[in-house]
Amino acid sequence: MRSTFYVLVLFFLLSSCRQNLEEKQSEELRIISLSPGITNTIIDAGYEDYLVGRSPFCLHANQSVPVVGDLIEIDYERLLKLKPSHVLAQKTTSDIDKHLLTLSSKGKFELHAWQISTLNDIKIMYGDMTEMFGGSRENLEIEMTQNELIPSPVLIITQGVEGTSGLCFGKDTYIDDLLQEMGVENVIKEKGWLSLSLEDIGRLQPKAIIVVSESDLQIVMFENLLSLGIPVLPFTHEHVLLPSSEIVNVAKKMQELKVDK
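This is a predicted model, so every value here is computed, not measured.

**Student:** Looking at this structure, how should I read the pattern of salt bridges?
**Tutor:** Opposite charge on two side chains allows them to pair when their charged atoms are near. Taken as a whole, this structure holds seven salt bridges when the rule is applied. Close ionic contact of R137 with D128 constitutes a salt bridge, the shortest N to O distance being 2.8 Å. Note on R137: relative accessible area 42%, which makes it partly exposed. Connected through salt bridges with shared partners, the residues D128, E131 and R137 form a single ionic network.

Shown next, in the form of structure tokens:
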């Protein structure tokens with residue numbers, strides 16, 4: 001009887017400690033994201049409830065979450081009033097905002113910044129984030145198979161506006177990484193994102209052109225590409241233009257692409 005009593009007491013003590021720990025964590029964890037790709041990863045990883053500030057481009061977040069700015073312009077007064085425990089940013093060619101670094105060095109919050117251009121960058125960010133907020137590091141698993149229904153090489157390009165071409169994905173981009181995983185060659189050998197004219201695209205002679213968009217594609221938007229006589233494959237996914245852990249779902253859909261014979 002006495003042993004049963006001690007077991008019950010221990011059970012209630014452990015339950016109380018666990019509850020107190022969870023409450024403490026929820027009170028202390030206050031995340032501000034200055035990048036839509038990072039925000040999408042926060043949501044996908046299950047930490048959306050801790051998001052207290054965002055950029056104006058974080059359209060998949062709860063829109064009641066206050067906007068504090070982006071990497072170009074930040075409302076520091078609003079940011080500090082939100083009392084974040086963590087501020088997450090995306091590294092750019094101009095590096096990290098110096099004032100953010102100063103505030104972080106003064107203990108106002110933890111600052112974490114990632115470059116998220118490639119597939120490996122996204123995997124590192126996801127692992128870091130889950131380790132910071134979840135206690136154990138999780139790997140981002142992307143199942144890929146060889147796609148023999150798309151001829152190589154291909155050009156992959158954004159929708160653009162009427163009468164003009166969009167931006168093309170070159171080497172060292174997450175979309176190029178997906179193409180490689182599918183065994184499909186990218187016609188562009190330069191790194192990063194490129195703006196090409198219709199004549200440039202014609203000279204490259206890709207076997208197919210994949211036009212990517214976050215929303216439904218309209219033929220009028222890529223009639224100029226169709227004039228080249230090259231097969232054009234429309235590809236829409238709400239997360240295709242933002243590097244985040246949602247790349248798992250983008251990859252799944254992209255593997256369904258094919259050129260009709």
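**Student:** What's the story with the side chain of N147 in this structure? I'm lost.
**Tutor:** With respect to the secondary-structure elements, N147 resides in the loop between α5 (119–134) and β5 (154–158). For N147, a relative accessible area of 7% translates into the label buried. Within the local environment of N147, its side chain forms a polar contact with the backbone oxygen of Q255, the two atoms lying 3.2 Å apart. Dropping the residues within four chain positions of it, N147 is found in contact with M182, V184, M254, Q255 and L257.

**Student:** Can you walk me through the sheet that holds strand β2 (residues 51–53) in this structure?
**Tutor:** Strand pairing in a sheet relies on backbone hydrogen bonds. The paired strands run either parallel or antiparallel. Strand order in the open sheet made by the four strands is β2-β1-β3-β4, with parallel pairing throughout. The open sheet terminates on both sides in strands that have one partner only, identified here as β2 and β4 (110–114). Here the average twist between neighbouring strands, direction ignored, is 30°. As paired elements, strand β3 (residues 86–90) and β4 share five bridges and run parallel to each other. Looking at the pairing, A89 lines up with A113 of β4.

**Student:** Before we go on, may I ask you to explain the pairing of β5 in this structure?
**Tutor:** The side chains of a regular strand alternate, first on one face of the sheet and then on the other. Taken across its five residues, β5 has five buried, putting it largely inside the fold. Neither face of β5 is open: one carries V154, I156 and T158, the other L155 and I157, and all of them are buried. Sheet topology places β5 next to strand β8 (residues 208–213); five bridges connect them, and they run parallel. Following the sheet pairing, V154 is matched in β8 by A208.

**Student:** Explain the environment of L82 here, please?
**Tutor:** Here L82 shows up in the loop between α3 (76–81) and β3. For the pair L82 and I32, spaced 50 residues apart in sequence, the C-alpha separation works out to 8.7 Å. Excluding residues that lie within four positions of it along the chain, L82 makes contacts with R30, I32, V52, G53, P66 and V68.

Rules of the game
Residues numbered from 1 in each chain as written. Predicted model: local features only at pLDDT ≥ 70, side-chain atom pairs only at ≥ 80, totals over all residues. Heavy atoms only, no water. Salt bridge = Lys/Arg side-chain N within 4 Å of Asp/Glu carboxyl O. Buried < 20%, exposed > 50% of the residue type's maximum accessible area, 1.4 Å probe, protein only. Helix = DSSP H or I, 4+ residues; strand = E, 2+ residues; numbered from the N terminus. Polar contact = N/O pair within 3.5 Å; in protein donor to acceptor, adjacent residues only side chain to side chain. Contact = heavy atoms within 4.5 Å. Pairing = 2+ DSSP bridges. Axes fitted to C-alpha atoms, helices over the stretch in contact; angles between N-to-C directions.

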